[in-house]
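Overview (structure and organization)
The chain contents come next:
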Amino acid sequence: QVQLVESGGGLVQAGGSLRLSCAASSAIFAIRSMAWYRQAAGKQRELVATITSDGSTNYADSVKGRFTISRDGAKTVALQMNSLRPEDTAVYSCYVETRIARNYWGQGTQVTVSS
């Protein structure tokens, strides 16, 4: 079964930390990159961070220095979020791009940061 399973969202106070994880099923292969996107209520979805198969990373300016994306094996990606702010509140979704023109989205996990 092709799927991305996300975990780790929740409610945290400003200044706190959360760790998101996304695991790709065995049916997903030839992964080129993995990424996290987020969409706040009433706003467009935005790219938060990406990591390629060779470990190269890229971050949105708004999260640089606070968030860290990492790979836990070939098919799992994590997003460590520190110093969270209320404006980080959003639904966070995992995205996988493959080398065979098939891309996948996770179901999304809610992150809420209270002030």
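Residues numbered from 1 in each chain as written. Predicted model: local features only at pLDDT ≥ 70, side-chain atom pairs only at ≥ 80, totals over all residues. Heavy atoms only, no water.

**Some remarks on the state of the cysteines**
The line we're drawing: Cysteine sulfur atoms that pair up within 2.5 Å are treated as a disulfide. Secondary structure counts use DSSP, requiring at least four H or I residues in a row for a helix and at least two E residues in a row for a strand, with both numbered from the N terminus. Think of it in three bands: with a 1.4 Å probe and only protein chains considered, a residue is buried below 20% of the maximum accessible area for its type, exposed above 50%, and partly exposed in between.
One pass over the structure, following the stated rule, counts 1 disulfide. Cys-22 shares a disulfide with Cys-94; S-S distance 2.2 Å. Handedness here is read from the sign of the S-S torsion; for Cys-22 and Cys-94, about -80°, the answer is left-handed. Here Cys-94 lies in strand 9 (residues 90–98) and Cys-22 lies in strand 3 (residues 18–24), a separation of 72 residues in the sequence. The burial state of Cys-22 is the same as that of Cys-94; both residues are buried.

**A closer look at the pattern of salt bridges**
We count it as follows: The rule for a salt bridge is simple: a side-chain nitrogen of Lys or Arg has to be within 4 Å of a carboxyl oxygen of Asp or Glu.
Under the defined criterion, the tally for this structure stands at 6 salt bridges. In this structure, Glu-97 engages Arg-32 in a salt bridge whose closest nitrogen and oxygen atoms are separated by 3.5 Å. With Glu-97 in strand 9 and Arg-32 in strand 4 (residues 31–39), this pair connects stretches of sequence that are 65 residues apart. Judged by its relative accessible area of 38%, Arg-32 is partly exposed. Each of the salt bridges in this network shares a partner with another, and the network as a whole consists of Arg-38, Glu-46, Arg-66 and Asp-88.

**What to know about the nonpolar core**
Quick note on the threshold: Within this scheme, the nonpolar core is defined by two criteria: the residues are buried Ala, Val, Leu, Ile, Met, Phe, Trp, Tyr or Cys, and they are joined through side-chain atoms within 4.5 Å.
Counting residues in each nonpolar core, the largest one holds 29 residues, and the members touching the most others are Trp-36, Leu-79, Met-81 and Tyr-92. Of all the elements in the fold, those that place two or more residues in this core are strand 3, strand 4, strand 5 (46–52), strand 7 (67–71), strand 8 (76–81), strand 9 and strand 11 (109–114).

**A closer look at the sheet that holds strand 3**
This is how the line gets drawn: Criterion used throughout: strands pair if DSSP finds at least two bridges between them. Axis definition: a line fit to C-alpha positions, over the contact stretch in the case of helices; interaxial angles, taken between N-to-C directions, run 0 to 180 degrees.
Taken together, the 4 strands give an open sheet; going across it, the order is 1-3-8-7, and neighbouring strands pair in antiparallel fashion. At either end of the open sheet lies a strand with only one pairing partner, and these are strand 1 (4–7) and strand 7. Taking each pair of neighbouring strands and ignoring which way they run, the sheet shows an average axis angle of 15°. Taken together, the 5 bridges between strand 7 and strand 8 define a ladder with antiparallel strand orientation. What sits directly across from Phe-67, in strand 8, is Met-81.

**Re the packing of aromatic side chains**
Heads up, the rule is: Ring pairs shown here join Phe, Tyr and Trp side chains whose ring centres sit within 6.5 Å, with only the six-membered ring taken for Trp; geometry is labelled stacked below 30 degrees between planes, edge-to-face above 60, and tilted in between. Our definition puts a charge over a ring when NZ of Lys or CZ of Arg is within 6 Å of the ring centre and also within 35 degrees of the ring normal.
The final tally for this structure, using the stated rule, is 3 aromatic pairs. Ring centres of Tyr-37 and Tyr-95 lie 5.8 Å apart, and the angle between their planes is 80°; this geometry places the pair in the edge-to-face category. With a gap of 58 residues between them, Tyr-37 in strand 4 and Tyr-95 in strand 9 connect regions that are remote in the sequence. Note that Arg-45 overlies the ring of Trp-105, its terminal NZ or CZ placed 3.9 Å from the centroid.

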